Amino acid sequence: MTLGEKIKERRTAHGLTQEILAQEMGVSRQAVAKWESGQSAPSSEKLIALAKLFHIPLDELIGVGTAPAASGRKPNPILRANLTRMAITLHAAFGYAAAQNLWMARRVFYRSDVMAPAIFSGVLLLLCSIWMASNHRFEPDLKQRRKNTRIELLYCLVQLGLGYLVVYAGIGLVGGLLMMIAVFVYIVFINPRYMNRKLTK
């Protein structure tokens with residue numbers, strides 16, 4: 001099914017005429033007719049607006065992941081969201097562990113019993129960061145993907161800073177709670193509002 005056919009199918013399923021859809025999108029009726037006939041395609045901003053209007057993920061509208069569907073497997077947005085949530089939560093945990101181990105090893109680099117956990121937790125943190133970055137491949141809009149990468153990098157730095165501050169200030173449980181609050185804010189507010197990723201209902 002082409003993009004134009006999907007737009008038409010979703011429009012009719014929502015009981016919208018071409019004129020009403022055009023008004024919602026801020027374009028002419030002729031523009032909507034061209035989208036549906038395949039003579040032209042909506043801009044990335046209009047695609048995002050269409051997906052929100054039709055209450056579907058953007059990748060479902062534009063057909064990202066159609067190749068796996070051809071082999072009998074469909075993209076699973078719930079699984080993607082769960083994997084992203086897991087990566088974010090584990091990143092906070094590994095960030096705290098890395099900060100704690102590096103703080104303990106700051107003056108005894110020659111001791112293998114202290115350095116081994118620091119290196120191990122640092123590797124886990126790096127792998128989890130790569131995992132978080134790999135989740136951006138599901139975002140088809142390159143501009144949004146670059147924006148998401150910048151936001152996620154800032155988030156990683158904030159979490160690492162919080163982890164170091166927790167260990168340095170010795171605030172333990174309170175600090176861990178602050179890191180979990182940062183995870184909550186990132187998942188519930190930052191992702192849907194600024195990153196076009198809905199990780200909650």
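For the structure, see preceding data.
As a starting point, this report considers the structure included with it. (Residues numbered from 1 in each chain as written. Predicted model: local features only at pLDDT ≥ 70, side-chain atom pairs only at ≥ 80, totals over all residues. Heavy atoms only, no water.)

## Things to note about helix H9 (residues 142–169)
Okay, so step 1: The terminal C-alpha atoms of H9 lie 40 Å apart, and with 28 residues this matches the ideal 40 Å at 1.5 Å per residue to within 8%.
Okay, so step 2: Those residues of H9 that sit buried are Gln 144, Asn 148, Ile 151, Glu 152, Tyr 155, Cys 156, Gln 159, Leu 162, Gly 163, Val 166 and Val 167. (Helix = DSSP H or I, 4+ residues; strand = E, 2+ residues; numbered from the N terminus. Expected span 1.5 Å × (residues − 1). Buried < 20%, exposed > 50% of the residue type's maximum accessible area, 1.4 Å probe, protein only.)

## What to know about the pattern of salt bridges
Think of it this way: side chains of opposite charge can pair up when their charged atoms draw near.
Okay, so step 1: Counted under the stated rule, the structure contains 3 salt bridges.
Okay, so step 2: With a closest N to O distance of 2.6 Å, Arg 10 and Glu 60 form a salt bridge. Of this pair, Arg 10 sits in helix H1 (residues 3–13) while Glu 60 sits in helix H5 (residues 58–62), and the two are 50 residues apart along the sequence.
Okay, so step 3: Take Arg 10: its relative accessible area is 24%, and that puts it in the partly exposed class.
Okay, so step 4: For Glu 60, a relative accessible area of 38% corresponds to the partly exposed category.
Okay, so step 5: The salt bridge involving Glu 36 is made with Arg 11; its shortest N-O contact spans 2.5 Å. (Salt bridge = Lys/Arg side-chain N within 4 Å of Asp/Glu carboxyl O.)

## Section: H1
Okay, so step 1: For H1, every residue scored as buried is listed here: Gly 4, Lys 6, Ile 7 and Arg 11. Along H1, the residues classed as buried sweep out an arc of 160° about the axis, all on the same side.
Okay, so step 2: Looking at the buried positions of H1, the neighbouring elements they touch are helix H2 (18–25), helix H3 (29–37), helix H4 (44–54) and H5.
Okay, so step 3: Phi for Gly 15, located one or two positions after H1, is positive at around 70°. (Arc of directions from axis to C-beta. Contact = heavy atoms within 4.5 Å.)

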